[in-house]
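Secondary and tertiary structure notes
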Amino acid sequence: MILHIDMDAFFAAVEQRDNPELRGKPVIISGRSMRSVVSTASYEARVFGVRSAMPLVQAMKLCPEAVVVRGRMDRYREVSRRIFTVFQEASPLVEKVSIDEAYLDVTGCLRLLGSPLTIARNIKNRIMEKENLTCSIGIAPLKFIAKIASDMNKPDGITVVEPHDVEGFIDTLPIGKVPGVGASALRIMESIGVKTLGQIRHLDDRVLQKKFGVHGQRLKHLAMGHDASRVEPFHERKSYSTETTLDRDTLDHDFLRVQLLEQSDEVARLLRRGQVKAKTVSLKITYGNFHQITRRHTLGVPVQSSKQIYQEALRLFESENHPGMIRLIGVGVSGLIPQDQPVQDLLFKDRDEKQHEQWAHVEKTVDSILGKFGGNSVKRAITARKDPETNKPD
Ligand code: TTP
Ligand code: MG
C-alpha cells in the first residue's frame, strides 16, 4: 500500500504558523515586485479564486485585502526537512516528489505499525504535534491513485482507495484528473467523447496510439489498473540531521541541552530505521547575528544510540565559546555504515560500553511504542511538558 502525502498550502501555512497575525486571513506568498507570480495562497485567499502561478496583479484584483508575504525558501526547506524525518520514521521507502510532497510505501510496515489508515493518522498527528501544520494523504495500492486521492479531501483530509475499489474508482475518475493529462489532451478526449479514465479501457489501441502517441499506451495501462512504477527512495542516505530555529534567541544552557537531547533522539531513531550507524556527529549553531558554525567529531566506534550522539553533541556544544545568543541549533550524523558491518570491537568493553548496549535495547523498544501509538506516547521525562498545576508531566 502506498501513501501520497502533500502539505496543505505549504508556504502560506508555514507563514501563518510563524506569524499568528496571519492566521485566518487570506495570505499570498509571492516575490516583492508587482510583476511576481503567486507561489501559493492560503485557503482563505483561494475562496476568491487566487491560485498558484497567477500574476500577483491579478490575484490582488481578486482579493484586495490579501496580505502579500515574500517567500522565505530557507525556512520552507528547513520545515520540509523535518517533515521528511517524520515520513522516514514511518517507512524507509520514501520518495521525495517536491518540497512538500512524498510517496511512502508502507507495505512492509503494516505488521509493526498497523493499517495504512492508522499509519496515515499517526503521520498527520505527528506533523501537527511537531510542526503545527496539516497535510492531506491519499492511500491506494497504486501510486497514481494515491496521488489523485490525496487531493480529494484537501485540506487536512485522508482518502483511502481500497484494492477492491480500484476498478470502480478508475471507472468514474474524470480523465482530466489523471497526472499527465493536460489541457490539450483533455480537448482531444472531449472530442472523442472520453470523460472518465475507465472509458479508455474500451478504446482501440490504434486510436489511442494515433491520438496520444506513446502516452496513449500508458493511459491504457492505468485504465486497466496497472501502474508498475514503484516508490523509489531517491538516494542512499549519507547523513541525517535535524535543526530548530528557536522561538527566541537564547543562551539558556538547560533549555539548549533539552533541544540537543530531543534532536539526538530524533537522529538516532532515523539511524535505527535506516539500519545504519554513524561515525561522525556534528553540531550546527546559528547565532542571533546569523553567524553560523558547524563543529564535528569523528568517533573511534560508530554510534547509533541517542545517548552517545547526545554526549558528543553536548561535548561539542560545551567546548565552544559562544559569542552571543543562539538562534538555531541542530544535530547531525554522517559517515554512515550498515549497522551489521563488523567494526573492530573494543578489546575490553568498559562499563560505559555495556550501558550503551543496554540502552540500545531500551531505545528499540521505544521505537516500536512510538511506531504503534504515535509521537507523544513515550518520551524522556526531561523533555516532557509539565502541567503547571501539578508540576507533573502531562
Ligand atoms: P503545492 O503542493 O502544489 O501547493 P500547496 O501546498 O501550496 O497547496 P495544496 O494544499 O493545494 O497542496 O506546492 C507546494 C509549494 O510549492 C507551495 O506552497 C508553493 C510552491 N509552489 C510554487 O512556488 N509555485 C507553484 O506554481 C506551485 C504549484 C507551488
Ligand atoms: Mg501541497
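Residues numbered from 1 in each chain as written. Chains lettered and ligands numbered in written order. Predicted model: local features only at pLDDT ≥ 70, side-chain atom pairs only at ≥ 80, totals over all residues. Heavy atoms only, no water.

Regarding the packing of helix H13 (residues 253-273) against helix H14 (residues 306-318)
What counts, and what does not: Each axis is a line fitted through C-alpha atoms, taken for helices only over the stretch in contact, and angles between the N-to-C directions span 0 to 180 degrees. Helix and strand definitions here come from DSSP, where helices need a minimum of 4 consecutive H or I residues and strands a minimum of 2 consecutive E residues; each element is numbered from the N-terminal end. Here the word oblique covers every angle except those under 35 degrees (roughly parallel), over 145 (roughly antiparallel) and from 65 to 115 (roughly perpendicular). Note on convention: the crossing is left-handed when the near helix lies turned anticlockwise from the far helix by less than a right angle, right-handed when the turn is clockwise. In what follows, residue pairs with any heavy atoms lying within 4.5 Å of each other are defined as contacts.
Running from N to C, H13 and H14 point in directions that differ by 140°, and their axes come no closer than 8 Å. In terms of axis orientation, H13 runs oblique to H14. For the element pair H13 and H14, the recorded crossing hand is right-handed. Taken together, the residues of H14 that come into contact with H13 (itself represented by His253, Leu256, Arg257, Leu260, Leu261, Ser264, Asp265, Val267, Ala268, Leu271 and Arg272) are Ser306, Ile309, Tyr310, Ala313, Leu314, Phe317 and Glu318.

Here's the deal with the domain arrangement of the protein chain
Under the convention used in this document: The split of the chain into domains comes from an automatic or database domain assignment.
Annotation of the protein chain at the domain level lists domain 1 (166-223) and domain 2 (239-383). A separation of 50 Å is found between the C-alpha centroids of domain 1 and domain 2.

Thoughts on empty space enclosed by the protein
As a reminder, the rule being used: Grid spacing is 1 Å over the protein atoms alone, the probe is 1.4 Å, and a cavity is where that probe fits but cannot get out, while a pocket is an open set with protein on both sides within 12 Å along at least five of seven lines and lining residues have an atom within 4 Å of a point. Grid points are joined across faces, edges and corners, and a volume is the space filled by probe spheres set on the points. Gly falls in the polar group here, along with every residue not listed as nonpolar (Ala, Val, Leu, Ile, Met, Phe, Trp, Tyr, Cys, Pro) or charged (Asp, Glu, Lys, Arg).
Counted by the stated rule, this structure contains 1 cavity of 30 Å³ or more. Looking at the largest cavity, its volume works out to about 30 Å³. Looking at the largest cavity, the residues that line it are Arg81, Arg82, Ser241, Thr242 and Glu243. Residue assignment for the lining of the largest cavity shows that the elements contributing at least two residues are helix H4 (73-90) and strand E9 (239-250). It is E9 that provides the largest number of residues to the lining of the largest cavity, a total of 3 residues. Looking at the lining of the largest cavity residue by residue, the classes come out as no nonpolar, 2 polar and 3 charged.

Re helix H11 (residues 205-212)
Rule in force here: In protein, a polar contact requires one atom able to donate a hydrogen and another able to accept it; more generally it is a pair of N or O atoms within 3.5 Å, and residues adjacent in sequence count only if both atoms are side-chain atoms.
The N-cap residue of H11 is Asp204: its side-chain oxygen and the backbone nitrogen of Arg206 are 2.9 Å apart. Residue Gly213 follows H11 closely and has a positive phi angle near 60°.

Concerning the site of ligand 1
The line we're drawing: Here, proximity means that at least one heavy atom of the residue falls within 4 Å of the molecule or strand.
Near ligand 1 lie 13 residues; those nearest to it are Ala9, Thr40, Tyr43, Arg46 and Asp100. Side-chain polar atom of Asp6 to an oxygen atom of ligand 1: 3.0 Å apart, as the coordinates give it. One of the backbone nitrogen or oxygen atoms of Phe11 is found 3.0 Å away from an oxygen atom of ligand 1. At the level of secondary structure, the elements contributing two or more residues to the shell around ligand 1 comprise strand E1 (2-7), helix H1 (10-18), strand E3 (38-41) and helix H2 (43-46). Here the shell around ligand 1 is composed, by residue class, of 5 nonpolar, 3 polar and 5 charged.

Details of the pairing of strand E5 (residues 94-98)
The test is simple: Only strands joined by at least two bridges in the DSSP assignment are considered to pair.
Both E5 and strand E6 (residues 101-105) contribute to a ladder of 4 bridges, which runs antiparallel. Each residue of the ladder has a partner; that of Ser98, found in E6, is Glu101. In this structure, the hairpin formed by E5 and E6 is closed by a connection of 2 residues.

Structural notes on the nonpolar core
Just so we agree on the cut-off: Residues belong to a common nonpolar core when they are buried Ala, Val, Leu, Ile, Met, Phe, Trp, Tyr or Cys residues joined through side-chain atoms within 4.5 Å. Only protein chains enter the accessibility calculation, which uses a 1.4 Å probe; a residue is then buried when its area is under 20% of its type maximum, exposed when over 50%, and partly exposed in between.
Within the largest apolar cluster, 35 residues are counted, with the highest numbers of intra-cluster contacts made by Leu3, Phe10, Phe87, Leu104, Ile123, Ile127 and Leu133. At the level of elements, E1, H1, strand E2 (27-30), H4, E6, helix H6 (116-131) and strand E7 (135-140) are the ones that each hand at least two residues to this core. Broken down by element, the residue count for this core peaks at 7 residues, all from H4. With near-sequence residues (within four places) excluded, Phe87 lies in contact with Ile5, Val94, Ala102, Leu104, Ile123 and Ile127.

Examining the side chain of Gln16
Mapped onto the elements of the fold, Gln16 is located in helix H1. One polar contact links Gln16 to Glu44, side chain to side chain, over a distance of 3.5 Å. In this view, Gln16 contacts Leu22, Arg23, Gly24, Lys25, Val27, Ser42 and Glu44; residues no more than four positions away in its chain are not counted.

Overview of the coordination of the magnesium ion (ligand 2)
Filter applied, for reference: Note that water is not among the atoms considered, so a metal site may appear incomplete; the donors listed are N, O and S atoms within 2.8 Å of the metal, with 3.2 Å applied to Na, K and Ca. Angle rules define the geometry names used: all angles between 85 and 135 degrees makes four donors tetrahedral, while opposite donors over 155 degrees apart and all other angles between 65 and 115 make four donors square planar and six octahedral, leaving every other case irregular.
Donor atoms from the polypeptide that coordinate the magnesium ion (ligand 2) comprise Asp6 (OD), Met7 (O) and Asp100 (OD), at 1.9 to 2.2 Å from the metal. Metal-centred angles of 82 to 178° between the 6 donor atoms at the magnesium ion (ligand 2) mark the site as octahedral. Within one chain, the residues serving as donors to the magnesium ion (ligand 2) are arranged as D-M-x92-D. For the residue pair Asp6 and Met7, the accessibility class agrees, reading buried in each case.

Structural notes on the sheet that holds E5
The 5 strands are arranged E5-E6-E1-E7-E8 in an open sheet whose pairing can be described as mixed. What marks the edges here is a single partner per strand, and that holds for E5 and strand E8 (158-160). Ignoring which end each strand starts from, the neighbouring axes of this sheet average 15° apart. In terms of strand pairing, E1 meets E7 through 6 bridges, oriented antiparallel. Its bridge partner lying in E7, Ile5 is registered against Ile137. Against the sheet, H6 engages E1, E6, E7 and E8, with an angle of about 165° to E7.

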